[in-house]
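If you want the building blocks of each chain, they are given just below.
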Amino acid sequence: MRKLTYFIACSIDGFIGDPDGDAASMYQFVDAPFLEFLKGEYPETISAQGREALGIDSENKRFDTVIQGLNSYKLALDIGVTSPYGHLREIVATRSLAESPDPNVELIADDLVGRVRELKAEDSPLGIWVCGGSQIAGALIEEIDELVIKTYPQVYGSGMPMFGAGFEPRDFELGEVRVFDNGVLVRTYTRKR
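This text gives an overview of the structure that appears in the document. (Residues numbered from 1 in each chain as written. Predicted model: local features only at pLDDT ≥ 70, side-chain atom pairs only at ≥ 80, totals over all residues. Heavy atoms only, no water.)

This part covers the environment of Val66. Tracing the backbone through its elements, the reader meets Val66 in strand 3 (residues 63–69). As for Val66 and Tyr152, which are separated by 86 residues in sequence, their C-alpha atoms are 22 Å apart. When sequence neighbours within four positions are dropped, the list of residues in contact with Val66 reads Tyr85, Leu88, Arg89, Glu90, Ile91, Trp129 and Cys131. (Helix = DSSP H or I, 4+ residues; strand = E, 2+ residues; numbered from the N terminus. Contact = heavy atoms within 4.5 Å.)

Below you can see the structure in the form of structure tokens.
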């Protein structure tokens, strides 16, 4: 069974963006040492454009599939990019788009959980990355096996939470913690089942 990993950036107080989902204020913390970590450990989470600009041609290390909601996907669409993670199988959960703007992008309008269960049952050594956003993570919360949380040293006060889900405690076990000189923490948690 493949792992579903929510690999996400957030503020100290657990927000992945402002109330509209904009997380641009966090970009200042992607300095050279942190970027080297991402390139080495999670190269497939860097967009195709970013990979090209940075000269990344390495194989996917952890994931072969990415799932995101329309708001996350629109960040690319708004700049004319129809397949932001062309090195991965891309799935966009949306009821708004009638047809995919790119052959590499599969649209899911209904039964996202069922589709994720199918993906998890596939035979592959690589996992599935939940890219965002909050509502997608909330819908998939029971399927998430691992959290990789990049915490940036900012407090938002309010905004888009990591999970758009109702209250119900779910337990995870802390694994690796990486600390960077710029104040960024990367914590890995595994779901207790």
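Moving on, there is more to tell.
It is worth spelling out the packing of aromatic side chains at this point. Any two aromatic rings considered together are summarised by their centre-to-centre distance and by the angle between their planes. This structure, assessed with the given rule, holds 12 aromatic pairs. A connected cluster of aromatic rings, assembled from ring pairs, spans Phe7, Phe29, Phe34, Phe37, Tyr42, Phe63, Tyr85, Trp129, Tyr152 and Phe180. Across from the ring centre of Tyr42, 4.2 Å away, lies the NZ or CZ of Arg62, which sits over that ring. (Phe/Tyr/Trp six-rings, centres within 6.5 Å; stacked < 30°, edge-to-face > 60°. Lys NZ or Arg CZ within 6 Å of the ring centre and 35° of its normal.)

Our focus in this paragraph is the sheet that holds strand 10 (residues 185–191). As summarised here, the arrangement of the 8 strands in space is 5-4-3-6-1-7-10-9, forming an open sheet in which the pairing is mixed. If you trace the sheet from one side to the other, it starts and ends with strand 5 (105–108) and strand 9 (172–179), each paired once. Going across the sheet, the axis of each strand differs from the next one's by a mean of 25°, ignoring polarity. Summarising the sheet, strand 3 and strand 4 (residues 89–93) pair through 5 bridges and their orientation is parallel. Across the sheet, Thr65 pairs through a bridge with Arg89, a residue of strand 4. Lying over the sheet, helix 3 (residues 70–77) contacts strand 3, strand 4, strand 5 and strand 6 (127–132), oriented at roughly 100° with respect to strand 3. Against the sheet, helix 4 (residues 112–121) engages strand 1 (4–11), strand 3, strand 4, strand 5 and strand 6, with an angle of about 160° to strand 4. (Pairing = 2+ DSSP bridges. Axes fitted to C-alpha atoms, helices over the stretch in contact; angles between N-to-C directions.)

Taking a probe equal in size to a water molecule and rolling it over the atoms shows the remaining empty space. Of the voids in this model, the second largest pocket is the one considered here, and its volume is about 200 Å³. If you trace the second largest pocket, you find it lined by Ile141, Leu147, Phe163, Ala165, Gly166, Phe167, Glu168, Pro169, Arg170 and Phe172. Tallied by class, the residues present in the lining of the second largest pocket amount to 7 nonpolar, 1 polar and 2 charged. (1 Å grid on protein atoms, 1.4 Å probe; cavity = no way out; pocket = protein on both sides within 12 Å on 5 of 7 lines; lining within 4 Å. Points joined across faces, edges and corners; volume = space filled by probe spheres on them. Nonpolar A, V, L, I, M, F, W, Y, C, P; charged D, E, K, R; others polar.)

As enumerated under the stated definition, the model contains 18 salt bridges in all. Taking the shortest distance from any N to any O, the salt bridge between Glu122 and Arg2 comes out at 3.2 Å. Residue Glu122 is found in the loop between helix 4 and strand 6, and its partner Arg2 is found in the segment before strand 1; the two are separated by 120 residues along the sequence. Between Arg62 and Glu41 there is a salt bridge; the shortest N-O distance is 2.7 Å. Residue Arg62 is located in the loop between helix 2 (48–54) and strand 3, and its partner Glu41 is located in helix 1 (residues 32–41); the two are separated by 21 residues in the primary sequence. For Arg62, a relative accessible area of 30% gives the class partly exposed. Assessed through its relative accessible area of 27%, Glu41 is described here as partly exposed. Members of the salt-bridge network, linked through shared partners, are Arg117, Lys120, Glu143, Asp145 and Arg193. (Salt bridge = Lys/Arg side-chain N within 4 Å of Asp/Glu carboxyl O. Buried < 20%, exposed > 50% of the residue type's maximum accessible area, 1.4 Å probe, protein only.)

The analysis is restricted to geometry; functional conclusions fall outside its scope.
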